[in-house]
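# Residue-level structure breakdown
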Amino acid sequence: MDALVAQLQMQYRNYTVSLYQQGFLDDQFTELKKLQDDASPDFVAEVLSLFFEDCVKLIGNMARALDQTGTVDFSQVGASVHQLKGSSSSVGAKRVKGLCVTFKEYCEANNYEGCVRCLQQVDIEYKALQTKLQDMFNLEKQIIQAGGKVPQVDIN
């Protein structure tokens, strides 16, 4: 049993480090993880669930705004991008945040094609992050079910 826990913990450490190395996460995610404790064991999962719900809503808003042929309100799209950038920054979603910076620049330049490309990329990136984090949470559950404790992962 202890060998299984040790193996799962090592797998968890390696996987978490890879999410940072691949640019999916940044230090803000580390700070978010520090807020989780025994009194609120699902804190991070709950915050991220709200973030992903927000992504769906904001991406939908942006898609509808960009679908207004000839009458795109770039300031409306930019406001949604700004909100998504803030949300992604607060949870440590590094790639999504980076795309939002570029997306905002396209909005400010009224660049329709650039906005559409960024919207597609943001949609892909947030879904990829969601899948990666679900895999990480599944590893955490496996560790706990095996009788272990989820290790703190030092990224720096």
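These numbers come from a predicted model, not from an experiment.

## Topic: the overall build of the chain
- For the chain, the count of helices and strands is six helices and zero strands.
- For the chain, the C-alpha atoms occupy an extent of roughly 65 × 30 × 20 Å along the three principal directions.
- With 156 residues in all, the chain has 40% of them scored as buried.
- Within the chain, contacts between residues separated by at least 24 positions form 67% of all contacts whose residues are at least 6 apart in sequence.

## Points about the UniProt feature "domain: HPt" (unreviewed entry) in the chain
- On the UniProt side, "domain: HPt" (unreviewed entry) is annotated at positions that read residues 40-147 here.
- Helix makes up 84% of residues 40-147 and strand 0%. Its end C-alpha atoms lie 19 Å apart.

## Looking at the packing of aromatic side chains
- Across all of its chains, the model carries three aromatic pairs by this definition.
- Geometrically, the ring pair formed by Phe-52 and Tyr-126 is tilted, given 6.2 Å between the ring centres and 35 degrees between the ring planes. Here Phe-52 is found in helix 3 (residues 43-66), whereas its partner Tyr-126 is found in helix 6 (residues 112-145), with 74 residues between them in sequence.
- Over the aromatic face of Phe-24 sits the side chain of Arg-95, whose NZ or CZ is 3.8 Å from the ring centroid.

## Topic: the UniProt feature "modified residue: Phosphohistidine" (unreviewed entry) in the chain
- UniProt's feature table lists "modified residue: Phosphohistidine" (unreviewed entry) at His-82, given in the numbering used throughout.
- With respect to the secondary-structure elements, His-82 resides in helix 4 (residues 74-91).

## What about the pattern of salt bridges?
- For the structure on display, the rule yields seven salt bridges.
- A salt bridge links Lys-104 to Glu-108; the nearest nitrogen and oxygen atoms lie 3.8 Å apart. Within this pair, Lys-104 and its partner Glu-108 are both found in helix 5 (residues 94-108), separated by four residues, close to a single helical turn.
- Accessibility expressed as a relative area gives 24% for Lys-104, which makes it partly exposed.
- The class for Glu-108 is exposed, based on a relative accessible area of 58%.

## Brief notes about helix 6
- Under the 1.5 Å per step criterion, the end-to-end length of helix 6 is 49 Å for 34 residues, consistent within 8% with the ideal 50 Å.
- You can read the cap of helix 6 off the contacts: a side-chain oxygen lies 3.3 Å from the backbone nitrogen of Glu-113, and it is on Asn-111.

## Some remarks on helix 3
- Under the 1.5 Å per step criterion, the end-to-end length of helix 3 is 34 Å for 24 residues, consistent within 8% with the ideal 34 Å.
- Every buried residue of helix 3 is accounted for by Val-44, Leu-48, Phe-51, Phe-52, Asp-54, Cys-55, Leu-58, Ile-59, Gly-60, Met-62, Ala-65 and Leu-66.
- Check the buried side of helix 3 and you find it contacts helix 2 (27-34), helix 4, helix 5 and helix 6.

## Examining the packing of helix 3 against helix 6
- Helix 6 packs onto helix 3 with a crossing angle of 160 degrees between their chain directions and a minimal axis gap of 11 Å. Considered as vectors, helix 3 and helix 6 are oriented roughly antiparallel to each other. Handedness of the helix 3/helix 6 crossing: left-handed. Contacts from Val-44, Ala-45, Leu-48, Phe-51, Phe-52, Cys-55, Val-56, Ile-59, Met-62, Ala-63 and Leu-66 of helix 3 reach helix 6 at Tyr-112, Cys-115, Val-116, Leu-119, Val-122, Asp-123, Tyr-126, Leu-129, Gln-130, Leu-133 and Phe-137.
- Across the contact of helix 3 with helix 6, the residue classes tally to 20 nonpolar, one polar and one charged.

Conventions we followed
Residues numbered from 1 in each chain as written. Predicted model: local features only at pLDDT ≥ 70, side-chain atom pairs only at ≥ 80, totals over all residues. Heavy atoms only, no water. Helix = DSSP H or I, 4+ residues; strand = E, 2+ residues; numbered from the N terminus. Buried < 20%, exposed > 50% of the residue type's maximum accessible area, 1.4 Å probe, protein only. Contact = heavy atoms within 4.5 Å. UniProt positions renumbered as here; feature names shortened; annotations may be inferred. Phe/Tyr/Trp six-rings, centres within 6.5 Å; stacked < 30°, edge-to-face > 60°. Lys NZ or Arg CZ within 6 Å of the ring centre and 35° of its normal. Salt bridge = Lys/Arg side-chain N within 4 Å of Asp/Glu carboxyl O. Expected span 1.5 Å × (residues − 1). Polar contact = N/O pair within 3.5 Å; in protein donor to acceptor, adjacent residues only side chain to side chain. Axes fitted to C-alpha atoms, helices over the stretch in contact; angles between N-to-C directions. Parallel < 35°, antiparallel > 145°, perpendicular 65-115°, else oblique. Left-handed = near helix turned anticlockwise from the far one by under 90°. Nonpolar A, V, L, I, M, F, W, Y, C, P; charged D, E, K, R; others polar.

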